[in-house]
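# Examination of the molecular architecture
Below, each chain spelled out in residue letters.
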Amino acid sequence: MQWNRKLAIGGATFAIAGLLLAGCTAPDAENGGGATDDGTFLKIDWLANEKAGIDAVVAAFQEANPDIQVVVTTADTAQYQASIRTQLGTGTAADVFYVWPGDGNTAAIRQLDSGDFLTDLSDESWVGQYPDFIRELVSIDDKAYIMAPLATAFTPVYNQAALDAAGLTPPEAWSDVIPFCEAASKAGKVAYALAGNNLYAGQAPYYNLVADLVYGTDTKFDQQLLDGKTTFTENKGYVEATEKYQEMMDAGCFQPNATGTPYDESNRMLAAGEALGQFLIGTRIAALQAIAPDGDFRIYPFHSDDDEATNAVTLSTQGGAAVYAKTPRQETAKKFVSFLADNIELYQAAMPGTIPTITEGYTPANANEQFLVDTIQQGHAVHFLNQMWPNARIESAMVNGIQGLLVGSASPSDMLASMQKEFDTE
Amino acid sequence: MTSPATAPATDAPRTAAPRADRGSSFRRNAQRTGSRYLWLFILPAAAFYIFVVLIPSFQGVFFSFTNWNGLSADWKFVGLDNFTRLFEDAVSVKAIGNTFLYAILSTVFENVLGLLVALALHSRIKSRNVLRVLFFMPVVLLSVVIAYLWQYLFQVNNGAITQLLHAIGLTDANPNWLGDPNLVVFSISIIVIWQFTGYTMVIYLAGLQGIPPEQLEAAAIDGAGPFTRFWYVVRPLLAPAITVNIMLSLIRGFMIFDQIWVTTGGGPADTSHSLSTLVYRTAFQFGELGRGTAIAVVLALIVGILGFIQYRGLLRGGAR
């Protein structure tokens, strides 16, 4: 009897102790085992759609540093943004992890600033090589936090063969846009395929429309908005851009039932020549080339007014590597980030439709890359709109407002009012 | 003669004695088997449940009254603000309505179709085993995979369903299944119904196999037709299966997430959200954990209340 009692108490105690110990040791095991920086291990969390880039750099890093074991974990954007906050909150973040510049989403540096999670990388030599507007985006109060390897743009991408077959040239100014859509329609084509089933696809044309009308004439818009000196509903550029988007929809620039069209279908339409162009972020050109390897997909500038003096292109960096401030493996992490900066072209080569953020000494591989380099050098680059918005709800209101325009359930003024409401709500 | 005053005294040992005997018997039995200490063995599981389920749940309720963003140590109580915002915001109100619509549509159709299929496959048709497997197959597939599959089927222009409509002569038909705000909730419900009809079918089949054939034969001899036999013999005997199926379908319907998130992301224009997708978007995409948990608390309350009502119905139906 006594033996049974002892066995019961002992068994239960061991089980509870085992459970608690397992729970306590789990985060450390996840971080690779060691709690000190002995220069043998590095954990990286990265964005799935830039996996090709990070894999190329990690392979080179491991070749140069065979003693360091590097573990890379990737997730798609939504899952990544959700998990990275949990990891930071629980102290289990990777040594190097992907973050977004500026603001506007929950994994952007300004949203993560409250917890001292990011190591200040300002002293790294590559920070001084960034173009000014990129350095501003990756910094808070002049402290740089991101090694952002890529820059890309939201632009229309055209199927050159389809354009030639239809005998059309892409519009160079706003006054050419609606006639281009009408001419495409007469030729039995869709001017611009739109994957409106994807929430964020509709923002690509909008970013192009806003660039000239808001930032081409008034580069202080973001600060004025933050200071309460303007609103989305009062700003002439935003009002005009939204109304012009509606005008494009009404003129049949996009295919009918765009909200039921996923990217697979819009890409197919463009690759097959059923559509002449598609507004995209540059990184999506790779998907077009995957389904039509011989296709000639070219970026042409798009302008939402007829004034060359206001030409602007939404061109920025999507994000890049930050070092977790609380990891004991600071030196190994910084070593990798420096390696990434030194081998930025290795990363970029695996990501078509992009250019390196540090363009010094870089030779563009094709006309699309040349366009991106020229845009930066001419000072026409404008950050992605949401990178200066103080919360993620504004972007959500924008993309849902665009879908509302497409299905006829919202007007341009409704959409802007909704964005302003989310801006005003804490 | 026994005085009235002494009667209770003589009765008392008669009623108390068995209780004392029972108590000492339990004690003896517990001492003999060591079962007094067996409760220690449930401690690990209980500790796990407390740490993984109860404490986070109570923390969730606590944070639903705060503006916590999930990261910052700086948060404050906002009272009922998160809850009032839920009922003031047009998107949230639409999501609440959608959640009930998803639950009702999927519950009704999963059960009606599941029962019909079960009745058909309970007969002696030759290929019934193959058909049972085919109907059950969608249940074992991941919801995410099924949602991607249906996204292709529902695609405008070249989607299989649109092509099917064209093939049967409806050449101008091109419904915007996932992009029309008036259609999207029904389209997503079709996905859920297709996925889980096989699940309800299996439970109904099990119920049907438990019905004594003699009762059906007796009813047939008495002149009852197929519908009368179903209504007066089969339906009452299937009551426990019906209750279980309705409860499970309702809970599944209220918790719907994957099918919406993959096919529309809550769009077009925020018209297909359920409370679950709203929780995810608010808590993780907007980084508003406090408000997200408030929506989750409301969802949990709805599911809990309906589950309780169904459970009471189950008990009353004799499935104790």
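Residues numbered from 1 in each chain as written. Chains lettered and ligands numbered in written order. Predicted model: local features only at pLDDT ≥ 70, side-chain atom pairs only at ≥ 80, totals over all residues.

### Describing the overall build of chain A
This is how the line gets drawn: Numbering of helices and strands runs from the N terminus, with a helix taken as a DSSP run of H or I at least four residues long and a strand as a DSSP run of E at least two residues long. Using C-alpha atoms as the atom set, the radius of gyration is obtained and then compared with a globule rule of 2.2 Å times the number of residues to the power 0.38. Three exposure classes are used, all based on how many other C-beta atoms lie within 10 Å of a residue's own C-beta (placed from the backbone): buried at 20 or more, exposed at 12 or fewer, and partly exposed between those limits. Contacts are defined on C-beta atoms placed from the backbone: any two residues whose C-beta positions lie within 7 Å are in contact.
Summing up its helical and strand segments, chain A has 17 helices and 13 strands in all. Taking 22 Å as the expected radius of gyration for a compact globule of 426 residues, we find that chain A reaches 24 Å, a close match to that expectation. Based on the C-alpha atoms only, the size of chain A along its principal axes is roughly 90 × 50 × 45 Å. By residue count, 51% of the 426 residues in chain A fall in the buried class. Within chain A, contacts between residues at least 6 apart in sequence are counted, and of these 75% link residues at least 24 apart.

### A look at the overall build of chain B
Counting its secondary structure elements, chain B contains 14 helices and zero strands. Along chain B, helices and strands appear, N-terminal first, in the series α-α-α-α-α-α-α-α-α-α-α-α-α-α. When each of the 320 residues of chain B is scored for burial, the buried share is 34%. A separation threshold of at least 6 residues defines the contact pool for chain B, and within that pool the share at least 24 residues apart is 68%.

### So, the interface of chain A and chain B
Chain A puts 40 residues into the contact, and the matching count from chain B is 35 residues. If you list the elements that add at least two residues to the side of chain A that touches chain B, you get helix 1 (2-30), helix 3 (77-90), helix 4 (109-112) and helix 16 (392-407) of chain A. The greatest single-element share of the side of chain A that touches chain B, amounting to nine residues, is contributed by helix 1 of chain A.

### Brief notes about the packing of helix 13 (residues 275-285) of chain B against helix 14 (residues 289-316) of chain B
When two helices pack together, you describe them by how their axes are tilted relative to each other and by the distance separating the axes. All names here are of chain B. So the rule is basically this: To define axes, lines are fitted to C-alpha atoms, for helices over the stretch in contact only, and angles between the resulting N-to-C directions are given on a 0 to 180 degree scale. With respect to orientation, any angle under 35 degrees is reported as roughly parallel, any angle over 145 as roughly antiparallel, any angle of 65 to 115 as roughly perpendicular, and every other angle as oblique. In this scheme the handedness of a crossing depends on how the near helix is turned from the far one: anticlockwise by less than a right angle means left-handed, clockwise means right-handed. Ten residue types, Ala, Val, Leu, Ile, Met, Phe, Trp, Tyr, Cys and Pro, are classed as nonpolar, four, Asp, Glu, Lys and Arg, as charged, and the remainder, Gly among them, as polar.
Orientation of helix 13 relative to helix 14, taken along the N-to-C sense of each, is 165°, at an axis distance of 7 Å. Considered as vectors, helix 13 and helix 14 are oriented roughly antiparallel to each other. Remark: the crossing between helix 13 and helix 14 carries left-handed chirality. Contacts between helix 13 and helix 14 involve Leu 275, Ser 276, Leu 278, Val 279, Thr 282 and Ala 283 from the first element and Leu 289, Arg 291, Gly 292, Thr 293, Ile 295, Ala 296, Val 298 and Leu 299 from the second. Here the contact of helix 13 with helix 14 is composed, by residue class, of nine nonpolar, four polar and one charged.

### Brief notes about the nonpolar core
What counts, and what does not: Residues enter a nonpolar core if they are buried, belong to Ala, Val, Leu, Ile, Met, Phe, Trp, Tyr or Cys, and are joined to the set through C-beta atoms within 7 Å. For the domains described, the bounds stem from an automatic or database domain assignment.
Ranked by internal contacts, the top residues of the largest apolar core, which has 127 residues, are A:Val96, A:Val99, A:Ile146, A:Val210 and A:Val337. Residue contributions to this core peak at nine residues, all from helix 8 (residues 203-215) of chain A. Both domains that furnish three or more residues to this core are identified here as domain 1 (12-149 + 317-358) and domain 2 (152-316 + 381-424) of chain A. Ignoring anything within four residues of it in the chain, the contact list for A:Ile146 reads A:Val99, A:Pro101, A:Ile109, A:Val138, A:Gly319, A:Gly320, A:Ala321 and A:Ala322. Listed in part, the 38 residues of the second largest apolar core include B:Ala95, B:Ile193, B:Phe284 and B:Val297.

### Focus: the packing of helix 16 of chain A against helix 17 (residues 412-424) of chain A
All names here are of chain A. With their axes 8 Å apart at the nearest point, helix 16 and helix 17 run at an angle of 165° to one another. In terms of their interaxial angle, helix 16 and helix 17 are classed as roughly antiparallel. Our pair here, helix 16 against helix 17, has a crossing hand that is right-handed. Between helix 16 and helix 17, the contacting residues are Arg 393, Ile 394, Ala 397, Met 398, Gly 401, Ile 402, Gly 404 and Leu 405 on the first element and Pro 412, Asp 414, Met 415, Ser 418, Met 419, Glu 422 and Phe 423 on the second.

### Considering the sheet that holds strand 11 (residues 320-323) of chain A
All names here are of chain A. The criterion, for reference: DSSP bridges decide pairing: two strands pair if at least two such bridges lie between them.
Strands sit in the order 2-1-3-11 across an open sheet of four strands; the sheet is mixed. Every interior strand has two partners, whereas the edge strands, strand 2 (69-75) and strand 11, have only one. Within the sheet, the average angular offset between the axes of one strand and its neighbour, ignoring direction, is 30°. Summarising the sheet, strand 1 (residues 41-47) and strand 2 pair through seven bridges and their orientation is parallel. Residue pairing in the sheet places Ile 44 in a bridge with Val 72 of strand 2.

### Overview of the domain arrangement of chain A
Residue and element names in this part refer to chain A. Domain boundaries in chain A define domain 1 (12-149 + 317-358) and domain 2 (152-316 + 381-424). Distance between the C-alpha centres of domain 1 and domain 2: 31 Å. Every contact between the two is made by 15 residues of domain 1 and, on the other side, 17 residues of domain 2. Tallied by class, residues from the side of domain 1 that touches domain 2 come to five nonpolar, nine polar and one charged.

### Observations concerning the environment of A:Asp250
All names here are of chain A. As for its position among the elements, Asp 250 is in helix 10 (residues 236-250). Overall, the presence of 11 C-beta atoms within 10 Å leaves Asp 250 in the exposed class. C-alpha of Asp 250 to C-alpha of Leu 406: the two residues are 156 residues apart in sequence and 9.1 Å apart in space.

### Topic: unusual backbone geometry
Residue and element names in this part refer to chain B. Residue Pro 268 follows Gly 267 across a cis peptide bond; omega there is -5°. Here Ala 269, not a glycine, exhibits a phi torsion of approximately 55°, which is positive. Tracing the backbone shows Ala 269 in the loop between helix 12 (258-263) and helix 13. According to the C-beta neighbour criterion, Ala 269 is buried, with 26 such atoms within 10 Å. Backbone geometry places Asp 270, a non-glycine residue, at a positive phi of 65°. Asp 270 sits in the buried class, given 29 other C-beta atoms within 10 Å.

### What about the confidence of the model for chain B?
A low pLDDT means the predicted coordinates there should not be read in detail. All names here are of chain B. The cut-off we apply is this: Every residue is assigned a pLDDT by the predictor, reflecting its confidence on a scale from 0 to 100.
With 88% of its residues at a pLDDT of at least 70, chain B reaches an overall mean of 87. Note on residues 1-17: pLDDT under 50 across the span, and two contacts to partners over four residues away in sequence or across chains. Across the predicted assembly, pTM comes out at 0.86 and ipTM at 0.85.

### Here's the deal with the pairing of strand 6 (residues 150-159) of chain A
Residues and elements named next belong to chain A. For strand 6, the buried fraction is high: 10 of the 10 residues fall into the buried class. The pairing of strand 6 with strand 12 (residues 355-356) spans two bridges and is antiparallel. Bridged to Ala 151 within strand 12 is Ile 355. The pairing of strand 6 with strand 10 (residues 313-316) spans two bridges and is antiparallel. Across the sheet, Thr 152 pairs through a bridge with Ser 316, a residue of strand 10.

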